[in-house]
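Notes for the structure review
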Amino acid sequence: MDLYEAMRCAPTTRNFTQDPVPADVLMRALDAARFAPSGGNRQGWRVIVVRDAERRRALRDLYQPGWHEYMQQTGGARVLADPDSFDTKTARHVRQADDYANGLDQVPLHLVVGVRLEDLAVTDAKLPRQSIVGGASVYPFVQNLLLALRAELTTLLVPSEAEVKRLLEIPDGIALAAHIGVGHRADPWPTRLARKPVEEFAFAERYGDPLF
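Residues numbered from 1 in each chain as written. Predicted model: local features only at pLDDT ≥ 70, side-chain atom pairs only at ≥ 80, totals over all residues. Heavy atoms only, no water.

Describing the pattern of salt bridges
To keep things clear, this is the line we draw: In what follows, salt bridge is the name for a side-chain nitrogen of Lys or Arg lying within 4 Å of a carboxyl oxygen of Asp or Glu. Three exposure classes are used, based on accessible area relative to the maximum for each residue type with a 1.4 Å probe and protein chains only: buried under 20%, partly exposed in between, and exposed over 50%.
With the rule as written, the count across this model stands at 10 salt bridges. Notably, a salt bridge pairs E118 with R116, separated by 3.7 Å at the nearest N-O pair. Looking at R116, the relative accessible area reads 27%, which means it is partly exposed. For D119, the salt bridge is made with R116, and the minimal N-O distance between the two is 2.7 Å. For D119, a relative accessible area of 7% translates into the label buried. When salt bridges with common partners are traced through the structure, they connect R60, D61 and D105 into a single cluster.

Description of the packing of helix α3 (residues 53-74) against helix α5 (residues 88-102)
Our working rule: Structural elements are reduced to axes, namely lines fitted to C-alpha atoms, with helices fitted over the stretch in contact, and the angle between N-to-C directions of any two is expressed from 0 to 180 degrees. Working definition: helices are DSSP H or I runs of at least four residues, strands are E runs of at least two. Numbering for both runs from the N terminus. When describing relative orientation, an angle under 35 degrees is termed roughly parallel and one over 145 degrees roughly antiparallel, while 65 to 115 degrees is termed roughly perpendicular and anything else oblique. Contacts were defined at the residue level, with two residues in contact if any of their heavy atoms lie within 4.5 Å.
Look at α3 against α5: their axes get within 9 Å of each other, and the N-to-C directions meet at 155°. The pairing of α3 with α5 is recorded here as roughly antiparallel in orientation. For the pair α3 and α5, the contacting residues are R60, Y63, Q64, W67 and M71 in the first and V94, A97, D98, Y100, A101 and N102 in the second.

Pasting the structure below:
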């Protein structure tokens, strides 16, 4: 698949078939993802592949509290309670997301991505805001993995990090970074995603000045 095509049509997928993900497909995706940029070439990412049905159910149960809180914070709970008061597209998207969360155990393959804390160079830790720089050591890998899976097939767990680490026997020093549901997409692939134009987020010389 052409790189730009993969970037333009790799949407959030919440509806999967029950077809298993072949081991060779997963291996190719992981093999490609490992070439992500890595500060100091530390390659701190770690991935746990979860296929076992009982563990998938346990991950679903750990996902639920964070999901319900997220729905309250974002207004999704109001949409579910009274969908007729919202436009059809919004109601459909919220319902699909809620169905995914409730049926998370039905996704055939889960990838739980962690990062070794000693490999993070958190240069913004002392700034008076939430730190974001540390993610640069793992999320390029996650994005590579998503693009690789898009070419092949088709993180609300973080508040429950301690329980997830116990479930999957993740050692101390590894932090939960991402949770990816993997499978064959049941719906048709879009040809292009709806995204804001470049002019809305890229500027020339000073913030807010037109790029061109």
